[in-house]
Amino acid sequence: MKYHGVTLHRKLENNIGLLIFGILFVSSIGGLVQVLPSVFQESLSTATQNSHLYTAEELTGRDVYIQEGCHVCHTQQIRPLVAEVERYGPFSRADEFVYDRPFLWGSKRTGPDLHRVGGKYSDDWHRVHLLDPRSVVNNSIMPAYPWLAEKQANDMGDIQKKMRVLQKLGHPYSEEQIAVAVDEIDGLSQMDVLITYLQVLGTGLAEENR
Amino acid sequence: MTEIRETYHDGVVKRLVQFSIIWAVLGMLVGVWIAAELIWPGLDLGQFWLSFGRLRPLHTNGIIFGFGVSALMATAFYSVQRTSNVPLFMPRLAWICCYGWQVVVLAGGLSLLAGWTSTKEYAELEWPFDIAITILWVCFAVVFFGTIATRRIKPIYVSNWFYGALIIVIAMLHIVNNLALPVSLNKSYSIYAGAQDAVVQWWYGHNAVGFLLTGGFLGMLYYFLPKQANQPIWSYRLSVISFWAFTYTYIWAGPHHLHYSSVPEWVQSLAMVMSLILLAPSWATMINGIMTVSKAWRKLRVDPAMKFIVLALAFYGLATFEGPMMAIRSVNIVSHFTDWTIGHVHSGALGWNAMITYGTFYFMVPRMMGRELHSVRLANIHFWMALAGTMLYVIAMWGAGISQGLLWLSVDSIGELSYSFNDVMASMVPYYGLRLIAGIIFLTGTILMAYNLFKTMWGRHTVSVSPPDIVDEIHGTAHMPEPEPDFDEGTGREVPA
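Quick summary incoming for the structure in this document. (Residues numbered from 1 in each chain as written. Chains lettered and ligands numbered in written order. Predicted model: local features only at pLDDT ≥ 70, side-chain atom pairs only at ≥ 80, totals over all residues. Heavy atoms only, no water.)

Section: the environment of B:L258
Test applied: A helix here means a DSSP run of H or I that spans at least four residues, while a strand means a run of E at least two residues long, and both kinds are numbered starting from the N terminus. By the convention used here, residues are in contact when the closest approach between their heavy atoms is within 4.5 Å.
Within the fold, B:L258 resides in the loop between helix 7 (236-250) and helix 8 (265-277). Excluding residues within four positions of it along the chain, B:L258 makes contact with A:W105, B:A198, B:V199, B:W202, B:V263 and B:Q268.

Focus: the side chain of B:T75
Residue position: B:T75 is located in helix 2 (residues 52-84). Not counting residues up to four positions away in its chain, the partners in contact with B:T75 are B:Y163, B:M220, B:F224, B:T360 and B:M364.

A closer look at the interface of chain B and chain A
How we decide: Buried area adds together the accessible area that both of two parts lose upon being put together, with accessible area traced by a 1.4 Å probe. The term salt bridge refers to a pairing of a side-chain nitrogen on Lys or Arg with a carboxyl oxygen on Asp or Glu at a separation within 4 Å.
Counting residues at the interface gives 92 residues for chain B and 84 residues for chain A. Here chain B and chain A share an interface that buries about 7600 Å² over both sides, 67% of which is from carbon and sulfur atoms. There are three salt bridges connecting chain B and chain A. For A:D63, the salt bridge goes to B:K187, with nearest N and O atoms at 2.9 Å.

Comments concerning the packing of helix 2 (residues 16-39) of chain A against helix 6 (residues 194-229) of chain B
For clarity, the cut-off: Throughout, an axis means a line fitted to C-alpha atoms (over the contacting stretch in the case of helices), and angles, computed between N-to-C directions, take values from 0 to 180 degrees. Note on angle classes: values under 35 degrees are labelled roughly parallel, values over 145 roughly antiparallel, values of 65 to 115 roughly perpendicular, and the remainder oblique. Put simply, a crossing is left-handed when the front helix is turned counterclockwise from the back one by less than a right angle, and right-handed when it is turned clockwise.
At a minimum axis distance of 8 Å, the contact between helix 2 of chain A and helix 6 of chain B shows a crossing angle of 155 degrees. With respect to each other, helix 2 of chain A and helix 6 of chain B are oriented roughly antiparallel. Crossing of helix 2 of chain A against helix 6 of chain B: the hand is left-handed. Note on element contacts: helix 6 of chain B touches helix 2 of chain A through B:Q196, B:V199, B:V200 and B:W203, opposite A:G31, A:V35, A:S38 and A:V39.

Points about empty space enclosed by the protein
As a reminder, the rule being used: In this analysis the probe radius is 1.4 Å and the grid spacing 1 Å, with only protein atoms considered; a cavity is a set of points the probe fits into but cannot get out of, a pocket is an open set with protein on both sides within 12 Å along at least five of seven lines, and lining residues have an atom within 4 Å of a point. Grid points are joined across faces, edges and corners, and a volume is the space filled by probe spheres set on the points. Classes in brief: Ala, Val, Leu, Ile, Met, Phe, Trp, Tyr, Cys and Pro nonpolar; Asp, Glu, Lys and Arg charged; the others, Gly included, polar.
Tallied over the full model, the rule gives eleven cavities of 30 Å³ or more. In this structure, the second largest cavity occupies an estimated 200 Å³ of space. Along its surface, the second largest cavity is lined by 17 residues, and A:H71, A:G106, A:S107, B:T119 and B:E121 are the ones closest to its centre. Residue assignment for the lining of the second largest cavity shows that the elements contributing at least two residues are helix 2 and helix 6 of chain B. With three residues, the top contributor of residues to the lining of the second largest cavity is helix 2 of chain B. By residue class, the composition of the lining of the second largest cavity is six nonpolar, six polar and five charged.

Remarks on the pattern of salt bridges
Residue and element names in this part refer to chain A. The line we're drawing: For the exposure calls, accessible area comes from a 1.4 Å probe over protein chains only, and a residue counts as buried if that area is under 20% of its type's maximum, exposed if over 50%, partly exposed in between.
By the definition in use, this model includes 16 salt bridges over all chains. Across the pair E84 and R79 runs a salt bridge, and its minimum N-O distance is 3.0 Å. The exposure class assigned to R79 is buried, which follows from its relative accessible area of 2%.

Here we look at the packing of helix 1 (residues 11-37) of chain B against helix 2 of chain B
All names here are of chain B. Following both chains from N to C, one finds helix 1 and helix 2 inclined at 160 degrees, their axes separated by 8 Å at the closest point. Viewed along their axes, helix 1 and helix 2 adopt a mutual orientation that is roughly antiparallel. Pair helix 1 / helix 2 crosses with left-handed handedness. Across the contact of helix 1 with helix 2, the residue classes tally to 20 nonpolar, eight polar and two charged.

Everything listed here is a matter of coordinates, which is why it stays silent on function.
This is the structure in structure tokens:
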């Protein structure tokens, strides 16, 4: 019996099928116990008064944010710490993100957190900042995005198809919202819609939670 | 035997090594470029495709999938033949795997520049690439496991368990994390939303580090370290225990990337505890490696490959200690979102992944080509540049990250923030400058290696090596390396038998 463990392992390492099965079994336990329950936890995916469904314009702006990789340097996740709440605003809650596909919390704050940036600056400020960051923020190391002012929001892909796909995933878009989507972004630049998105960020939080 | 002897398929190994070296140089060049952009933001030259937000994922993907995975495929193909005593199973498929992978990395890289991205870290490539990766990964699995299935030596050697875990677990993570509904060729929406998407992504993200950058490279360690030291693995039993403990524990640690976020607290706490437990199998492996070298220390003086592998082991120990510490919630308050994380990643990526890969390349290439390394002296210079670059990088990022973390959290006596975000950002310039210098030093070393190895490979085919005739099924035989020629301590050259 002393060598029981060794004999068991001898079997595993002499049989490639058993070894593959063993690896698959052992490595999936963590996912099944820890990740799977989160994926099925309703409170993480149920909309509340804090949840905001993006309009066609905001959704397109969000896709511009993704395209330019803003999430590489800016987080959207305010931790419940005194300094953080003071700097950025009320801490982030799970129900604020139920319409975020993908989530854009980020992992690195090369620039400041943006979860509650909505309403903090004027549209004009954002426009100047995106065109020439150092003209409004001394020492800023943010790149300028001059091309966003020239490119059309329409070029971000078929907005109606995007909304239909999201509808399939459970976002409650009405037929009317989808019908007017094209007109909603028509004639706008990618910078316009990006600013619209930035201005709505974090504003969905209900008054009593602030 | 009278028929023509079968030989190992080393041509595909050589080609993968070449691609890996090319990606290393390109990936690090992009890294150096974006490090400079953080000091001089105008370096994007007003071009959308040179913008930091697009180049940074190109850097990580180029290094992990171009340099890293090509090196893993090369070393897996090299070692699985020699630990199974048979040539590769379906060698044509291995070639498809080799070239197909390069096409995906190249096209995928261009797509990132075009702004196609799913945003999920280390899984940024959009769905068409995800499907191509899945198919190529299956090819990799068929060649690798097929070779093992046709082996002429009974026990499956330790390095193959790790390469096996790499293939299986990465397949599982890749498929689950990338599930999405496509809108068009370049756009899809994740089937998970918000907090749930975050949990799934970091289950993937952390274990891509775990099973690709750690597990896969441990496969390299378990084959090439004993080979180079000419010693069997110190403890077979320790390798068994650490392998299964590693495979079981790593998977739980992902949500430590989400401390104090809006995911359930029990998920965060569990991840923290499992991250701390992970220290045990990680260090068990490190101890096993160090003890294996313990009878061959003198080789460190003369053998550049050995130097790289042993130093990689030291950085492996450092990074696997630092990781669990950063996973402690109260430490994470300071380290999260800062450059400390970037430093931690690079102590692993430069100190562990790149160094062990360099060591195995310096080992493999002369053997495959049947000639000596073009210049041992150049390899030694590379070694010191790699060490200096890594240390400078890590120290600069510790300075940057810890000061960012503490300054951001600092409040004065009446509870007001002490520093604006801008103040803290402006104070980063010296650290970012040091990091840029570190990157340039490391990149220069890599270019020296590229020159040295391409010079060694130039104008030659790989030599034909046949599996040994003797099929010895005695357990443990596979753990014994064949005797190797001795080294002349003065010149560093092999002494002819």
